[in-house]
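# Coordinate inspection notes
Spelled out from the first residue to the last, the chains are:
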There are 2 protein chains.
Amino acid sequence: MVTLKDVAAAAGVSPATASRALSGPTSVATVGRERVLRAAAQLGYRVNPVARALRSGRSGHLGLVLPDLANPFFASIAKGVQARARELGRNVLVADTEEDPLIELDVVTQLREQVDGVILCSPRMPAEHLRTEVGAGRGVLVNRELDGVPSVSVDNADGVRQALEHLRALGHRTVAYAGGPASSWSDARRRDAFGAVDGLTVVDLGPGRPVAARGVAAADLALGSSATAVVAYNDLVAMGVLEQLRTRGVRVPEQMSVIGFDDVPAAALVNPPLTTVALPLRAVGRRAVDLMVAAEAAIQPGAAPAGPTPPAREQLGVELVVRGSTAHASPAARGRE
Amino acid sequence: MVTLKDVAAAAGVSPATASRALSGPTSVATVGRERVLRAAAQLGYRVNPVARALRSGRSGHLGLVLPDLANPFFASIAKGVQARARELGRNVLVADTEEDPLIELDVVTQLREQVDGVILCSPRMPAEHLRTEVGAGRGVLVNRELDGVPSVSVDNADGVRQALEHLRALGHRTVAYAGGPASSWSDARRRDAFGAVDGLTVVDLGPGRPVAARGVAAADLALGSSATAVVAYNDLVAMGVLEQLRTRGVRVPEQMSVIGFDDVPAAALVNPPLTTVALPLRAVGRRAVDLMVAAEAAIQPGAAPAGPTPPAREQLGVELVVRGSTAHASPAARGRE
DNA sequence: TTGTACGCGTTATCAT
DNA sequence: ATGATAACGCGTACAA
């Protein structure tokens, strides 16, 4: 293993100078810097990140905590985080909480000390824990907002608005909402948005787990109402709705329209292809990384302490993708019951 | 930050004794150990992993390199790796290579120095690079085997056998195979297995990218042959086949049977539900971690150097999950052309 | 069994 | 601009 000392010796300077030449844009004589860089390349020197971390207190690692890696929703975010982190030359420590708030707290506590900052996806833990764990520039929230903590989320309200606008233009007048988990921050935002439309009657199918089975149950509830369209919490639930409607002999979209959220890859593969609100998940992940490094930077230097920039709270735009699961509300549909 | 020195002071012992009391089962007086442990708990002491890493040369981190986090196949493996690592109190550094062999090599090189060992999923890089990068107990291969490197994979041949056995029992005599990437180690194993059956004619649809679009093309090829069933490289390809058959007005499974590989979550949600060879991906991830820590352990102590255990090469069992996309080969099917 | 002292590789401080 | 020196927190050889 070739160390900084070796490089310094080869370049005929002190380790301190070698460090400066390699590390930062600090003041180093151009000529000396040249010699150091050449010596380093010559010897194949690579800095020891552990030693640097011990001395500087910053490992360069980012933490990513999410409820379920196998959920394509979080996988997409993770992918965005990965990509951006790689561009920035930083590594990512990933932890899966299995959707368990206790594991979540545990994992964050443990991870926090190994990384410079942690990106927390759809955290289920209560606000007070959240603030103590990732407050003070040590974390970024995704899909959740909290005073004093930077966050990036999607414009849930606009997604709902677009979906309802689309349905209304198709002649629908009564729409059912198959909501998500009661503890979901995103679901709460969407529910608010549902209340804000006029010209449409909304049937609340209640909260539920974000899985296909919940969609199966929701479909029957929707059939029992006068709704001609169902908006689901996410694509998985929407697929459950689709499946049950088929089982019941109800044709989609002729007799019932269905809209999902997320636009996971499978959404385009089901029959009929799912109309859904596409969320820019990769971009969410990328932005989260950017906010995280910005927050780190804001900690370090003696930046204007009087007016510290308030934590950024970003909201990314969403877009309705119209596929085959929505159509005009037909007389046949209304005549169904 | 409370350090070991603080604990030692509080317990009235030297840092060395405190270290011994906390670290290993080394010789420490029972009474002193008690005092140290209590002081540590009292002060909320937590070892600094970075300092420990610098001293010991081992970070406790595991590296996980995979082609695509958004691919449910790899996401499942990652999930298994996560879970097992957590049980063992180890963290996981994940890197996504975007299916690019160049990025893969780059990422592995860079990650290798930050972790104790790296788990390499479905590596696309050539064998010689592989051996230099992860040889000598520094890595574990998943879905690829190589002399001298521990690995864990699934029993591809048996999966093919089960699928063909199932089809033969249903009366099929000619089966098409929509293979995967030419560079895929798994695909090569499956191809071998196809050649080893008798009583069945196999139509090779050639290699292709493991995406739905490839399945669409493969479906047309299959229809142009005398095959009454299609086996696909993975579920995504199988879903593409399903989609195109529907477009062509060919009923599944009545006129054509379809079998996938992997059993991703979406496989049960398509119409008809996909019969597929389920791979124990979570278990694969877990075993990979176990092999990795075993390999580390084999490096450390002065274990029998004469007979070093040959690198483990594990193969996990697979299971055909029969759903709705396979049925008896019918006269109607044969009369189609 | 316990304490002292040193080193892991790097960077920050303080002189010069 | 550069060099000597200390320190980050921990583990361990050596001495007691």
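Residues numbered from 1 in each chain as written. Chains lettered and ligands numbered in written order. Predicted model: local features only at pLDDT ≥ 70, side-chain atom pairs only at ≥ 80, totals over all residues. Heavy atoms only, no water.

### A few points about the protein's contact with DNA strand C
Stated precisely, the cut-off is as follows: Throughout, the term near means that a residue has one or more heavy atoms lying within 4 Å of the molecule or strand in question. Within 3.5 Å is the distance limit for a polar contact, defined as a pair of N or O atoms, with the added protein rule that one can donate a hydrogen and the other accept it, and that residues adjacent in sequence qualify only through two side-chain atoms.
Around DNA strand C, the surrounding shell holds 22 residues, and the nearest of these are Leu4, Ser19 and Tyr45 of chain A together with Thr17 and Ala29 of chain B. Close to the protein, within 4 Å, the atoms of DNA strand C are drawn from sugar and phosphate at a rate of 66%. In this structure, a phosphate oxygen belonging to DNA strand C sits 2.8 Å away from a side-chain N or O atom of Ser19 of chain A. Asn48 of chain A places a main-chain nitrogen or oxygen 3.3 Å from a phosphate oxygen of DNA strand C.

### Focus: the protein's contact with DNA strand D
Here is the rule we go by: Note that Gly is not counted as nonpolar here; it falls among the polar residues with everything else outside the nonpolar set of Ala, Val, Leu, Ile, Met, Phe, Trp, Tyr, Cys and Pro and the charged set of Asp, Glu, Lys and Arg.
If you check the shell around DNA strand D, you find 22 residues, and the closest are Thr17 and Arg55 of chain A together with Leu4, Tyr45 and Arg55 of chain B. Looking at DNA strand D alone, sugar and phosphate atoms form 63% of those within 4 Å of the protein. Backbone polar atom of Asn48 of chain B to a phosphate oxygen of DNA strand D: 3.4 Å apart, as the coordinates give it. Taken together, the residues of the surface near DNA strand D break down into ten nonpolar, seven polar and five charged.

### Considerations on the sheet that holds strand β1 (residues 61-66) of chain B
Put simply, the rule reads: Between any two strands, at least two bridges found by DSSP are needed for them to pair. In DSSP terms, a helix is any run of H or I states spanning at least four residues, a strand is any run of E spanning at least two, and both are numbered starting from the N terminus. Angles run from 0 to 180 degrees between N-to-C directions of axes, and those axes are lines fitted to C-alpha atoms, restricted for helices to the stretch in contact. By definition, residues are in contact when any of their heavy atoms lie within 4.5 Å.
Here we have twelve strands laid out as an open sheet, ordered β11(A)-β5(A)-β4(A)-β3(A)-β1(A)-β2(A)-β2(B)-β1(B)-β3(B)-β4(B)-β5(B)-β11(B), and mixed in their pairing. Across the chains shown, the open sheet's two edge strands, defined by having one partner strand only, are β11 (313-316) of chain A together with β11 (313-316) of chain B. Going from strand to strand, the sheet's axes swing by 20 degrees on average, the running direction of each strand aside. In this sheet, strand β4 (residues 139-142) of chain A lies alongside strand β3 (residues 117-121) of chain A in parallel orientation, the contact comprising four bridges. Looking across to β4 of chain A, one finds that Cys121 of chain A is bridged to Val142 of chain A. Relative to the sheet, helix α5 (residues 72-87) of chain A contacts β1 (61-66), β2 (91-96), β3 and β4 of chain A together with β2 (91-96) of chain B, its axis offset from that of β2 of chain B by approximately 80 degrees.

### Describing the sheet that holds strand β7 (residues 201-204) of chain B
Residue and element names in this part refer to chain B. Reading across from one edge, β7-β6-β8-β9-β10-β12 is the order of the six strands in this open sheet, with mixed pairing throughout. Strands at the two margins of the open sheet, each flanked by one partner only, are β7 and β12 (319-321). In this sheet, neighbouring strand axes are inclined to one another by 25 degrees on average, regardless of whether the strands run parallel or antiparallel. Strands in contact with helix α9 (residues 185-195) are β6 (174-178), β7, β8 (229-232) and β9 (257-262); relative to β6, the strand with the most contacts, it is inclined by about 170 degrees. Sitting on the sheet, helix α11 (residues 235-247) touches β6, β8, β9 and β10 (275-278), and the angle it makes with β9 is about 155 degrees.

### Side note on the domain arrangement of chain A
All names here are of chain A. Applicable threshold: Where a domain begins and ends is set by an automatic assignment or by a domain database. For this document, the term salt bridge refers to a Lys or Arg side-chain nitrogen within 4 Å of an Asp or Glu carboxyl oxygen.
The assigned domain composition of chain A is domain 1 (4-46), domain 2 (54-154 + 282-317) and domain 3 (156-279 + 320-334). Inter-centroid distance (C-alpha atoms) of domain 2 to domain 3 is 31 Å. In this assembly, eight residues from domain 2 lie in contact with eight residues from domain 3. Viewed at the interface, domain 3 and domain 2 are joined by zero salt bridges. Of all the secondary-structure elements, those providing two or more residues to the side of domain 2 that touches domain 3 are α5 and β5 (151-154). For the side of domain 2 that touches domain 3, the residue count by class is three nonpolar, two polar and three charged.

### A closer look at the pairing of β2 of chain A
A regular strand carries its side chains on alternate faces of the sheet. Put simply, the rule is: Buried residues are those whose accessible area, probed at 1.4 Å on protein chains only, stays under 20% of the maximum for their type, while exposed residues exceed 50% and partly exposed ones sit between those limits. Note on handedness: a crossover is taken as right-handed if, strands pointing away from the viewer, the path from the first strand over the helix to the second is clockwise.
Most of β2 of chain A is tucked away: six of the six residues are buried. Burial of the side chains of β2 of chain A extends over both faces: Asn91, Leu93 and Ala95 of chain A are buried on one face and Val92, Val94 and Asp96 of chain A on the other. As judged from the six bridges shared by β1 of chain A and β2 of chain A, these two strands associate in the parallel manner. Each bridged residue has a counterpart across the sheet, and for Gly63 of chain A the counterpart in β2 of chain A is Leu93 of chain A. This β-α-β element, β1 of chain A to α5 of chain A to β2 of chain A, shows right-handed connectivity. In the sheet, β2 of chain A pairs with β2 of chain B via three bridges, with the strands oriented antiparallel. Bridge pairing links Val92 of chain A to Val94 of chain B in β2 of chain B.

### What about the packing of helix α1 (residues 4-11) of chain B against helix α3 (residues 30-43) of chain B?
All names here are of chain B. Applicable threshold: In what follows, roughly perpendicular refers to angles from 65 to 115 degrees, roughly parallel to angles under 35, roughly antiparallel to angles over 145, and oblique to any angle outside these ranges. For a crossing to be left-handed, the near helix must be turned anticlockwise from the far one by less than a right angle; the clockwise case is right-handed.
Running from N to C, α1 and α3 point in directions that differ by 125 degrees, and their axes come no closer than 8 Å. In this view, α1 runs oblique relative to α3, as classed from their interaxial angle. Here α1 and α3 pass one another in a crossing that is right-handed. On the side of α1, the interface is formed by Asp6, Val7, Ala10 and Ala11, while α3 contributes Arg35, Val36, Ala39, Ala40 and Leu43.

### As for the interface of chain A and chain B
What counts is decided by this rule: Once two parts are joined, some of their accessible surface, as seen by a 1.4 Å probe, is lost; buried area is that loss totalled over both.
Listed as interface residues are 42 residues of chain A and, on the opposing side, 41 residues of chain B. Carbon and sulfur atoms make up 57% of the surface buried where chain A meets chain B, a total of about 3700 Å² over both sides. Across the chain A-chain B interface, the total number found is eight salt bridges. Lys79 of chain B serves as the salt-bridge partner of Asp96 of chain A, at 3.0 Å between the closest nitrogen and oxygen. Seen at the junction of chain A and chain B, the total is 16 residue pairs in polar contact (both at pLDDT 80 or more). Split by residue class, the side of chain A that touches chain B holds 23 nonpolar, eight polar and eleven charged.

### Re the relation of the copies chain A and chain B
The test is simple: Only residues with pLDDT of at least 70 in both copies contribute their C-alpha atoms to the least-squares superposition of the copies.
Each copy superposes on the other: chain A lies on chain B with an RMSD of 0.4 Å after a rotation of 180 degrees and an axial shift of 0.1 Å. Here the two chains are linked by the operation of a two-fold rotation axis. Of every C-alpha in chain A, the one belonging to Leu93 of chain A sits nearest the axis of rotation, 2.1 Å from it. With an isologous cut-off of 70% or more, the 98% of interface residues of chain A that recur at the interface of chain B puts this contact in the isologous class.

### Considering the packing of helix α2 (residues 15-22) of chain B against α3 of chain B
All names here are of chain B. Look at α2 against α3: their axes get within 9 Å of each other, and the N-to-C directions meet at 85 degrees. Viewed along their axes, α2 and α3 adopt a mutual orientation that is roughly perpendicular. Here Ala18, Ala21 and Leu22 of α2 come into contact with α3, specifically with Arg33, Val36, Leu37 and Ala40. Tallied by class, the residues present in the contact of α2 with α3 amount to six nonpolar, no polar and one charged.

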